[in-house]
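Examination of the molecular architecture
Each chain is listed here by its residues.
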Amino acid sequence: MKSHKKFAEKHDLPFTLLADEEHTLATACGVWGEKTLYGKLVQGFNRMSFLLDESGVITKVWPKVKAAGHAEEVLTELQT
């Protein structure tokens, strides 16, 4: 929680960051689970993005997100 607060203050975020320490939300969304890391099967976060509408309904899911070019992809989706 402290690191979330520090990050939000540093970047002057106008919203609250969630802390899912028990992985409850991450598990429900399919983000937490098995993945391969350096050839080993481990439990961890799988990088995904979700686009929600004003009501909180998921309208788009990007599984297996790669950082390069992803922000532009999301912006393009927002503009359509």
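See the structure shown above.
Below you will find a few notes about this structure. (Residues numbered from 1 in each chain as written. Predicted model: local features only at pLDDT ≥ 70, side-chain atom pairs only at ≥ 80, totals over all residues. Heavy atoms only, no water.)

**Considerations on the pairing of strand E2 (residues 40-45)**
Operational definition: One bridge is not enough; two strands pair if DSSP finds at least two bridges between them. Going along the chain from the N terminus, every DSSP run of H or I of four or more residues is numbered as a helix, and every run of E of two or more is numbered as a strand.
Direction of pairing for strand E1 (residues 32-37) relative to E2: antiparallel, over a ladder of six bridges. Paired with tryptophan 32 across the two strands is phenylalanine 45, which belongs to E2. Between E1 and E2, which follow one another and run antiparallel, lie two residues, and tyrosine 38 among them has a positive phi close to 55°.

**Examining the environment of asparagine 46**
Here is the rule we go by: Exposure is judged per residue with a 1.4 Å probe applied to protein chains only, and the accessible area is read against the type maximum: over 50% gives exposed, under 20% gives buried, and values in between give partly exposed. A contact between two residues is defined here by any heavy atoms of the two lying within 4.5 Å.
As for its position among the elements, asparagine 46 is in the loop between E2 and strand E3 (49-52). Classification of asparagine 46 by relative accessible area gives partly exposed; the value is 23%. Separated by 19 residues in the primary sequence, asparagine 46 and valine 65 place their C-alpha atoms 8.6 Å from one another. Sequence-distant contacts of asparagine 46, defined by excluding residues within four places in its chain, comprise Val31, Trp32, Gly33, Glu34 and Lys35.

**Observations regarding the pairing of E3**
Across the two faces of E3 the burial differs, with Ser49 and Leu51 buried and Phe50 and Leu52 not buried at all. One ladder, built from four bridges, connects E3 with strand E4 (residues 58-62); its direction is antiparallel. Bridge pairing links leucine 51 to lysine 60 in E4. From the end of E3 to the start of E4, which pair antiparallel, there are five residues, and glycine 56 there has a positive phi angle of about 85°.

**A few points about the packing of aromatic side chains**
Note the following rule: Geometry of aromatic contacts follows a simple scheme: Phe, Tyr and Trp rings, the Trp one being its six-membered ring, pair when their centres are within 6.5 Å, and the pair is stacked under 30 degrees between planes, edge-to-face over 60, tilted otherwise.
Going through the model one piece at a time under the given rule, you end up with one aromatic pair. Arranged with centres 4.8 Å apart and planes meeting at 75°, the rings of tryptophan 32 and phenylalanine 45 form a pair that is edge-to-face. Separated by 13 residues along the polypeptide, tryptophan 32 in strand E1 and phenylalanine 45 in strand E2 bring together distant segments of the chain. Look at tryptophan 32 and you get partly exposed, because its relative accessible area is 23%. What makes phenylalanine 45 partly exposed here is its relative accessible area of 43%.

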